2 protein chains.
Amino acid sequence: MPDTHHPPAIILVSPQMGENIGAAARAMGNFGLSELRIVSPRDGWPNPAAEAMAAHALPIVQAARVFTSLSNAVADCQQVYATSARLRDMQKPVVTAREFSSPHPSQPLASPTSPSGRGLKTAILFGRESSGLSNEELAYAHTLLTIPVNPACPSINLAQAVNIVAYEWFQAQSDAATQLTESPELTTHIPAPMEEFEGFLRQLEAHLDAINFWKVAEKKPKMRQNLRHLFLRAQPSSSEVQTLRGIVSSFSQKKP
Amino acid sequence: MPDTHHPPAIILVSPQMGENIGAAARAMGNFGLSELRIVSPRDGWPNPAAEAMAAHALPIVQAARVFTSLSNAVADCQQVYATSARLRDMQKPVVTAREFSSPHPSQPLASPTSPSGRGLKTAILFGRESSGLSNEELAYAHTLLTIPVNPACPSINLAQAVNIVAYEWFQAQSDAATQLTESPELTTHIPAPMEEFEGFLRQLEAHLDAINFWKVAEKKPKMRQNLRHLFLRAQPSSSEVQTLRGIVSSFSQKKP
């Protein structure tokens with residue numbers, strides 16, 4: 001389980017579309033964030049479009065706190081990050097979404113680029129869809145947070161930007177919390193013991209011999225080896241080996 | 001600049017909402033992907049809602065190819081990943097979105113968890129909003145791709161799932177480019193395109209039908225799926241597919 005002691009607050013500054021607010025909340029829920037703050041939403045509050053898009057994260061939308069100024073919205077925060085694509089001429093440190101979540105261990109805890117939420121109340125600002133954050137709004141942030149994008153197509157949807165940042169935060173929490181998350185994968189597939197596997201190969205080759213499959217005798221060793229590689233890669237289980245044997249037996253016994 | 005020689009194709013299987021198709025395309029554009037394929041979109045095609053949501057990625061929507069079957073949509077692909085939250089009882093390897101993009105260097109190039117797109121035509125399947133991919137659809141994939149989420153709120157919006165996968169892909173490409181890592185050609189094994197693979201499976205099944213292999217009719221669908229899993233794991237090359245076809249043909253023509 002991720003450490004959710006101090007997850008960052010997501011602050012949407014003057015969001016325009018309720019759908020984006022709802023989609024942002026849904027992404028927050030997917031990735032373990034729950035504290036949504038909204039500064040001066042264009043269409044007022046509550047917003048039915050936001051609630052409709054939130055899906056199972058509806059409680060996050062319903063618990064959102066609405067502020068009339070960014071100043072009030074960040075009042076209790078100790079660390080403020082501002083998402084921005086415009087990084088020039090800013091006298092601020094810049095981190096990527098990944099660096100925000102997984103800072104270098106040597107960084108001091110209280111620096112602006114320290115891990116969000118390990119003891120410090122942290123907020124991440126996201127600007128309006130049309131124009132992002134103003135310079136005045138960016139000035140509230142200690143650090144700029146940027147998402148590396150294809151420069152030919154740099155404009156990220158508001159909810160998708162929240163999605164990426166929340167995703168990175170959750171992955172970092174999960175990594176830190178447990179390396180011991182046992183992966184469920186592959187546990188159900190158990191390759192057969194080699195003796196069963198070899199038994200199938202011998203059976204297959206015997207039948208191929210019987211029908212004179214190898215036509216050119218010199219090619220047989222290479223073809224046998226290729227067949228072995230092929231079936232080795234599949235790593236058939238015991239029951240799969242039985243199925244393969246069944247197929248070979250059926251073919252050799254019956255003529256269509 | 002990221003290496004965009006072989007970016008994966010994004011395949012949306014029976015998407016329901018045009019808005020999600022458009023938002024997925026926008027996310028693709030942000031992160032350097034451009035090849036969108038759509039299987040049986042619920043609301044037909046073209047879809048004005050998709051175009052409206054695509055923003056600057058409109059060309060991706062306009063260039064999308066629409067298919068009437070998943071089989072056709074993956075026909076030219078050599079590696080197929082299926083996004084899924086349901087990982088149990090699947091006889092397939094599982095990778096996270098991050099592992100998909102940044103596999104362990106020791107993995108051979110042609111393994112199911114090898115880097116997407118270093119020379120292999122790769123597709124990533126995303127299921128319908130309501131219910132994801134069916135078991136039959138999952139059966140087309142070599143590997144499952146999962147996005148770790150908060151278990152209390154696991155349902156990810158379709159476009160946000162595409163967003164995460166595209167984001168991870170782009171970050172990995174950027175990292176690789178900045179490190180100037182030329183990854184050497186690690187293998188000569190190149191999986192056959194799916195249409196050749198499917199051709200072999202159809203031939204095998206036709207012959208198994210002809211010899212009444214399935215004895216108990218109710219078991220046939222499950223057995224067919226198991227055979228598919230088994231051979232998918234092997235990822236046979238084109239010449240191996242030819243060998244397998246040759247074996248089936250020989251068996252069906254000659255009696256020992």
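First, a word on what this report is: a plain description of the structure on this page. (Residues numbered from 1 in each chain as written. Chains lettered and ligands numbered in written order. Predicted model: local features only at pLDDT ≥ 70, side-chain atom pairs only at ≥ 80, totals over all residues. Heavy atoms only, no water.)

### Here we look at the overall build of chain A
Then comes step 1: When you go through chain A residue by residue, the secondary structure sums to 10 helices and seven strands.
Then comes step 2: Out of the 256 residues in chain A, the part that is buried amounts to 50%.
Then comes step 3: The contacts in chain A between residues at least 6 apart in sequence include a share of 81% that link residues at least 24 apart.
Then comes step 4: Carbon together with sulfur atoms contributes 54% to the accessible area of chain A, which is approximately 12100 Å² in total. (Helix = DSSP H or I, 4+ residues; strand = E, 2+ residues; numbered from the N terminus. Buried < 20%, exposed > 50% of the residue type's maximum accessible area, 1.4 Å probe, protein only. Contact = heavy atoms within 4.5 Å. Areas by Shrake-Rupley, 256 points an atom, 1.4 Å probe, with all protein chains shown as cover.)

### What to know about the environment of W214(B)
All names here are of chain B.
Then comes step 1: Among the secondary structure elements, W214 is positioned in the loop between α8 (194-210) and α9 (220-234).
Then comes step 2: Residue classification places W214 among the buried positions, given a relative accessible area of 7%.
Then comes step 3: In sequence terms W214 and P7 are 207 residues apart; their C-alpha atoms lie 40 Å from each other.
Then comes step 4: In this structure, W214 is in contact with E205, L208, D209, K220, M223, R224 and L227, ignoring residues within four places of it in sequence.
Then comes step 5: A distance of 2.6 Å separates the side chain of W214 from the side chain of D209, its partner in a polar contact. (Polar contact = N/O pair within 3.5 Å; in protein donor to acceptor, adjacent residues only side chain to side chain.)

### Re the interface of chain B and chain A
Then comes step 1: Chain B puts 66 residues into the contact, and the matching count from chain A is 63 residues.
Then comes step 2: Sorting the residues of chain B by area buried against chain A places Q160(B), I211(B) and F251(B) first, and these three jointly supply 13% of that buried surface.
Then comes step 3: Where chain B touches chain A, the interface holds four salt bridges.
Then comes step 4: Between E168(A) and R98(B) there is a salt bridge, and its shortest N-O distance comes to 2.8 Å.
Then comes step 5: Across the chain B-chain A interface, the total number found is 26 residue pairs in polar contact (both at pLDDT 80 or more).
Then comes step 6: Contributions of two or more residues to the side of chain B that touches chain A are made by α1 (18-30), α5 (97-101), α7 (158-178), α8, α9 and α10 (238-253) of chain B.
Then comes step 7: Examining the composition of the side of chain B that touches chain A, we find that 10 residues originate from one element, α10(B), more than from any other.
Then comes step 8: Counted by class, the side of chain B that touches chain A contains 36 nonpolar, 21 polar and nine charged residues. (Buried area = accessible area lost by both parts, 1.4 Å probe. Salt bridge = Lys/Arg side-chain N within 4 Å of Asp/Glu carboxyl O. Nonpolar A, V, L, I, M, F, W, Y, C, P; charged D, E, K, R; others polar.)

### Focus: unusual backbone geometry
With glycine set apart, most residues show a phi of negative sign, and most peptide bonds adopt trans.
All names here are of chain A.
Then comes step 1: Omega for the peptide link from W45 to P46 comes to 0°, which places this bond in the cis form.
Then comes step 2: Tracing the sequence through the fold places P46 in the loop between β2 (36-39) and α2 (48-54).
Then comes step 3: A positive phi angle, close to 45°, is found at Q235, a residue other than glycine.
Then comes step 4: Tracing the backbone shows Q235 in the loop between α9 (220-234) and α10 (238-253).
Then comes step 5: With relative accessibility at 45%, the residue Q235 sits in the partly exposed group.

### What about the packing of α8(B) against α9(B)?
Residues and elements named next belong to chain B.
Then comes step 1: Axis separation between α8 and α9 bottoms out at 11 Å; the angle between their running directions is 140°. Taken together, the axes of α8 and α9 are oblique relative to one another. In the packing of α8 onto α9, the handedness of the crossing is right-handed. Between α8 and α9, the residues in contact are M194, F197, E198, F200, L201, L204, E205, L208 and D209 and K220, R224, L227, R228, F231 and L232, respectively.
Then comes step 2: Considering only residue class, the contact of α8 with α9 consists of nine nonpolar, no polar and six charged. (Axes fitted to C-alpha atoms, helices over the stretch in contact; angles between N-to-C directions. Parallel < 35°, antiparallel > 145°, perpendicular 65-115°, else oblique. Left-handed = near helix turned anticlockwise from the far one by under 90°.)

### A short note on the side chain of R37(A)
Then comes step 1: Note that R37(A) resides in strand β2.
Then comes step 2: Apart from the residues within four sequence positions on either side, R37(A) is in contact with A9(A), I10(A), I11(A), L12(A), R65(A), F67(A), A73(A), D76(A), C77(A) and K121(A).

### Looking at the pattern of salt bridges
Then comes step 1: Taken as a whole, this structure holds 22 salt bridges over all chains when the rule is applied.
Then comes step 2: Between E198(A) and R228(A) there is a salt bridge; the shortest N-O distance is 2.7 Å. Within this pair, whereas E198(A) is found in helix α8 (residues 194-210), its partner R228(A) is found in helix α9, the two being separated by 30 residues in sequence.
Then comes step 3: In this structure, R42(B) and D43(B) form a salt bridge, with 2.9 Å as the shortest nitrogen-oxygen distance.
Then comes step 4: Looking at D43(B), the relative accessible area reads 44%, which means it is partly exposed.
Then comes step 5: Through salt bridges that share partners, E35(A), R37(A), D76(A) and K121(A) make up one connected network.

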